[in-house]
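Inside the fold
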Amino acid sequence: MESLRLIDEWPVDHAAAGVVSASGEVRGRHGDPARPFRLASVTKLLTAYTAHIAIEEGVVELDTPAGPEGSTVAHLLAHTSGLAFDAHKAMAEPGTRRLYSNAGFEELADALAEHSGIEFAEYQREALFEPLGMTSTRLDGSPAAGAVSTVDDLLRFAAELQEPKLLAPETLNAATEIAFPGLNGVLPGFGHQKPNDWGLGFELRDHKSPHWTGANSSPRTFGHFGQSGTFLWVDPDAGHACVALADRSFGPWAAQVWPPFTDAVLAELSA
């Protein structure tokens, strides 16, 4: 895909990108698809998916208490537990505000480990990475932001996000619908959003503005971006997903180049 060559113009040392269809066909790659990159908060997609596998396996349920008092697994997934951004301290009552929280995903992983009796990283490897053949992906630190992966591995994951084999389709559909609707909050890097809609672990495009996806991304688009210069989006209306990884921390450069890149990818897919 010619549109993927736009990453050559990004002000980064290294970048790689790829697009995969809902059928699992890789439509294009550019850059080194086997180069490992730090994912930062794209890690949350992997953690969330692991949590949904655990829910289907009966390890926990969405309403299992987890996190601060009154919070559940669902609250932690949807950033409505009330926990602070990086501190394990409650800042609001559960379900009342959309407070984006790394601490919440760390407590989610702790809850899964407690209920399964298996260290989270090991559970994730056995439940998610190995079945999808994600042999170059590892969790090196926080389940909120500590994973390392490659474009090739994340294309496998992005295919799973479109045609799930490890989850029931209805589970994924529910996870990518608005959870705790109507809550306002800050989308990191893009300011206050009213509302700041989120699914159960997946950030939703909806009608947010500004946003890291494209002007022509459908409202049903879901995914995540990371402060390490990474993103993964799935656009169900376009029938494709895109992964882009870079080695420069998120900043104004990313907010400037990511949306037109996505629009160029979508335009080529629809041509």
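Being a predicted model, the structure only gives us computed values, none of them experimental.

Of all 10 residues that make up helix H5 (residues 151–160), 8 are buried, and the element is covered over most of its length. Every buried residue of H5 is accounted for by Val 151, Asp 153, Leu 154, Leu 155, Phe 157, Ala 158, Ala 159 and Glu 160.

Turning our eyes to something else, we now look at the packing of aromatic side chains. Applying the stated criterion to the full structure yields 16 aromatic pairs. Residues Phe 190 and Phe 250 carry aromatic rings whose centres are separated by 5.7 Å and whose planes lie at 55° to one another, so their mutual orientation is tilted. Of the two residues, Phe 190 is situated in the loop between strand S6 (185–187) and strand S7 (191–193) and Phe 250 in the loop between strand S11 (240–246) and helix H7 (252–270); the sequence distance between them amounts to 60 residues. For Phe 250, a relative accessible area of 15% corresponds to the buried category. A network of ring pairs unites the aromatic residues Trp 10, Phe 190, Trp 212, Phe 225, Phe 231, Phe 250, Trp 253, Trp 258 and Phe 261 as a single cluster. A cation over an aromatic ring shows up here: Arg 35 above the ring of Phe 37, its NZ or CZ 5.8 Å from the ring centre. Directly above the aromatic system of Phe 105 lies the positively charged group of Lys 44, at a separation of 6.0 Å from the ring centroid.

Quantified by volume, the largest pocket comes out at close to 380 Å³. The wall of the largest pocket is formed by 20 residues, among which Asn 173, Thr 176, Arg 220, Phe 222 and Pro 236 lie closest to the centre. Sort the elements by how many residues they give to the lining of the largest pocket and helix H6 (residues 169–175) lands first, with 3 residues. A breakdown of the residues in the lining of the largest pocket according to their chemical character gives 11 nonpolar, 5 polar and 4 charged. Here the second largest pocket defines a volume of roughly 160 Å³. Along the wall of the second largest pocket there are 16 residues; nearest its centre are Ser 41, Tyr 100, Pro 188, Phe 225 and Gln 227. In terms of residues, the lining of the second largest pocket owes the most to one element, strand S9 (residues 222–226), which gives 3 residues. Each residue belonging to the lining of the second largest pocket can be placed in one class, and the counts come to 9 nonpolar, 5 polar and 2 charged.

Calculation notes
Residues numbered from 1 in each chain as written. Predicted model: local features only at pLDDT ≥ 70, side-chain atom pairs only at ≥ 80, totals over all residues. Heavy atoms only, no water. Buried < 20%, exposed > 50% of the residue type's maximum accessible area, 1.4 Å probe, protein only. Helix = DSSP H or I, 4+ residues; strand = E, 2+ residues; numbered from the N terminus. Phe/Tyr/Trp six-rings, centres within 6.5 Å; stacked < 30°, edge-to-face > 60°. Lys NZ or Arg CZ within 6 Å of the ring centre and 35° of its normal. 1 Å grid on protein atoms, 1.4 Å probe; cavity = no way out; pocket = protein on both sides within 12 Å on 5 of 7 lines; lining within 4 Å. Points joined across faces, edges and corners; volume = space filled by probe spheres on them. Nonpolar A, V, L, I, M, F, W, Y, C, P; charged D, E, K, R; others polar.

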